Amino acid sequence: MERALGVNTWVWTSPLTDAALERLAPRVAGWGFDTIELPVENAGDWDPRRARTLLDGLGLSASVALVMSPGRELVFTDTATRTATQDYLRRVVDAAETVGSPVVAGPAYASVGRTWRLSPAERAGLPGELAEALSPVVEHASAAGVAVAVEPLNRYETSVLNTVDQAVEALAELPREHCGLALDLYHLNIEETDIANAIERASEMLRHVQVCANDRGTPGTDHLEWSRIVTALDRTGYSGPLVIESFTSDNASIAAAASVWRPLAATQDALAVDGLAFLRGLHDRAPDVPDPTRGAPVD
């Protein structure tokens, strides 16, 4: 299955602004990307209507990433913080609706970097607490025709949801039509013993996929089993984009947040362009999906 291929503006800049998008989007389109991913670090950083006009003119579609910065919490927090976080997430949904993104993707449960050892009681109560806190956001997203794609992160960035199985369990009480999973190969490579199998376990809940090398660098310059990953995505029926997400070490705040202490490619442009070429080639040579009823091997 051939999918749209995209890139997140975090490869070059943070926070995204109108001026930065007007500089980056024509280059992204010129290189041959189909989609550009727009992070909303704070509502108002960039104008969704202005972005929609720009992207439509370039033939680019959009996806939107939510950002759980310090102080944004939906679970294990106080009422005021939860309410403020819900308000932020609703504004992200509004931005996604305006730019035509079918999803808002990210760890919509707790701030990135907040870690502690959950007690058995906290773990047991998580699905109910998350469902209660996320439900108003999902309801707002449903009215906007947008899905909330919740992303599990690695153990060093959150204590809440680290694996596909944890995320599936935690979201079980929420409507699947408008709440599902966003999967990022970087986190899957850390937390899952078999990435392809984990993708298949996400099944029909899969709403968004972010890709990069195992070290956050250029896709394909790594040890990941890309043919098995693509086959697993085909088996789930996932038809959304594959979006390259990486970060620049030139921006002090984003480098610290993502622990990017060294350049991950010769240049940020090379990371995007070479990653796109690899992903295009991967789709060109991808075999048909084996019929699982015939016991054909995955790879």
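Here's a quick rundown of the structure. (Residues numbered from 1 in each chain as written. Predicted model: local features only at pLDDT ≥ 70, side-chain atom pairs only at ≥ 80, totals over all residues. Heavy atoms only, no water.)

1. A short note on the side chain of Arg72
Mapped onto the elements, Arg72 comes out in the loop between strand 3 (61–66) and helix 3 (79–99). Buried and unpaired, Arg72 has no salt bridge, with Asp45 as the nearest side chain of opposite charge at 7.4 Å. Side-chain polar atoms of Arg72 contact the backbone oxygen of Glu41, separated by 2.8 Å. Contacts of Arg72, omitting those with residues within four sequence positions, involve Glu41, Asn42, Val67, Thr85, Tyr88, Ala110 and Ser111. (Helix = DSSP H or I, 4+ residues; strand = E, 2+ residues; numbered from the N terminus. Buried < 20%, exposed > 50% of the residue type's maximum accessible area, 1.4 Å probe, protein only. Lys, Arg positive; Asp, Glu negative; His and termini not counted. Salt bridge = Lys/Arg side-chain N within 4 Å of Asp/Glu carboxyl O. Polar contact = N/O pair within 3.5 Å; in protein donor to acceptor, adjacent residues only side chain to side chain. Contact = heavy atoms within 4.5 Å.)

2. So, the pattern of salt bridges
Here the structure, examined in full by the defined rule, presents 19 salt bridges. Where Glu73 meets Arg114, a salt bridge forms, and the shortest distance between an N and an O atom there is 2.9 Å. With Glu73 in the loop between strand 3 and helix 3 and Arg114 in the loop between strand 4 (103–106) and helix 4 (120–144), this residue pair connects regions lying 41 residues apart in the sequence. Note on Glu73: relative accessible area 7%, which makes it buried. With its nearest N and O atoms 2.4 Å apart, the salt bridge here joins Arg176 to Glu204. Taken together, the residues span a long stretch of sequence, with Arg176 in the loop between helix 5 (164–170) and strand 6 (179–184) and Glu204 in the loop between helix 7 (195–202) and strand 7 (206–211) at a distance of 28 residues. Salt bridges here are not isolated pairs; linked through shared partners, they connect Asp18, Glu22 and Arg50.

Everything listed here is a matter of geometry and, on its own, says nothing about what the molecule does.
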